[in-house]
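An overview of the molecular structure
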Amino acid sequence: RILERKRQIESTGRSREQVVGDIEAIIEQITSCEEECASTKKQLESDIRDKHRQLDLLNNKISSTNDPMGVDSTINKYNAEYKQLQLQQLKQEKENMANKKAVADEIRKALEMAKKYEDAKRKQLSEMNAYIEKRKKECAKIELLDS
């Protein structure tokens, strides 16, 4: 009987150690699950806040469309802005055309001046060549007279 009791006690001791190990493993699993749950809860709360913001924006849009005067004033505001942009575009196009014309005029003047300069140089060169020919003929006459 004593041996039997001893075996029961040893068996109970081993079972107790196994139960303690199992309890520790369960406690670790519970801790891990709690951490995961806290992380998931934070993420869900953040998602809920984002959804509330989106809902508020949509409610504002809906309420503005439900207000005909608000819609009309928004349309009028955008129409006025559109007209302003059109006027600004026309003004910019006129400025660009004026600048383009001014640049074209400057280029035309520069080309005319270059042409006049070239013509003057050709005339001067032609006169110099004529003068040289005249001097050559005079030199040839003098040589004939000297001989």
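Residues numbered from 1 in each chain as written. Predicted model: local features only at pLDDT ≥ 70, side-chain atom pairs only at ≥ 80, totals over all residues. Heavy atoms only, no water.

In this section: the overall build of the protein. In terms of regular secondary structure, the protein is built from two helices and zero strands. Over its C-alpha trace the protein gives a radius of gyration of 52 Å, far above what one expects of a compact globule, namely 15 Å for 147 residues. Principal axes of the C-alpha set define a box for the protein whose edges measure 170 × 70 × 10 Å. Across the 147 residues of the protein, 1% fall into the buried class. In the protein, the 30 positive side-chain charges and the 28 negative ones have mean positions that sit 7 Å from each other. (Helix = DSSP H or I, 4+ residues; strand = E, 2+ residues; numbered from the N terminus. Rg over C-alpha atoms; globule rule 2.2 N^0.38 Å. Buried < 20%, exposed > 50% of the residue type's maximum accessible area, 1.4 Å probe, protein only. Lys, Arg positive; Asp, Glu negative; His and termini not counted. Charge placed at Lys NZ, Arg CZ, Asp CG, Glu CD.)

Right, let's talk about the pattern of salt bridges for a bit. Close approach of charged atoms allows side chains of opposite charge to pair. This structure, assessed with the given rule, holds seven salt bridges. Measuring nitrogen to oxygen at the nearest pair gives 2.8 Å for the salt bridge that ties R135 to E138. Of this pair, R135 and E138 both sit in helix α2 (residues 68-146), three residues apart, which is roughly one turn of that helix. The exposure class assigned to E138 is partly exposed, which follows from its relative accessible area of 31%. Among the charged side chains, a network of salt bridges with common partners joins K101, D105 and R108. (Salt bridge = Lys/Arg side-chain N within 4 Å of Asp/Glu carboxyl O.)

Enumeration over the complete set of coordinates arrives at zero aromatic pairs. The positively charged end of K77 is found above the aromatic ring belonging to Y78, 5.0 Å away from the centroid. (Phe/Tyr/Trp six-rings, centres within 6.5 Å; stacked < 30°, edge-to-face > 60°. Lys NZ or Arg CZ within 6 Å of the ring centre and 35° of its normal.)

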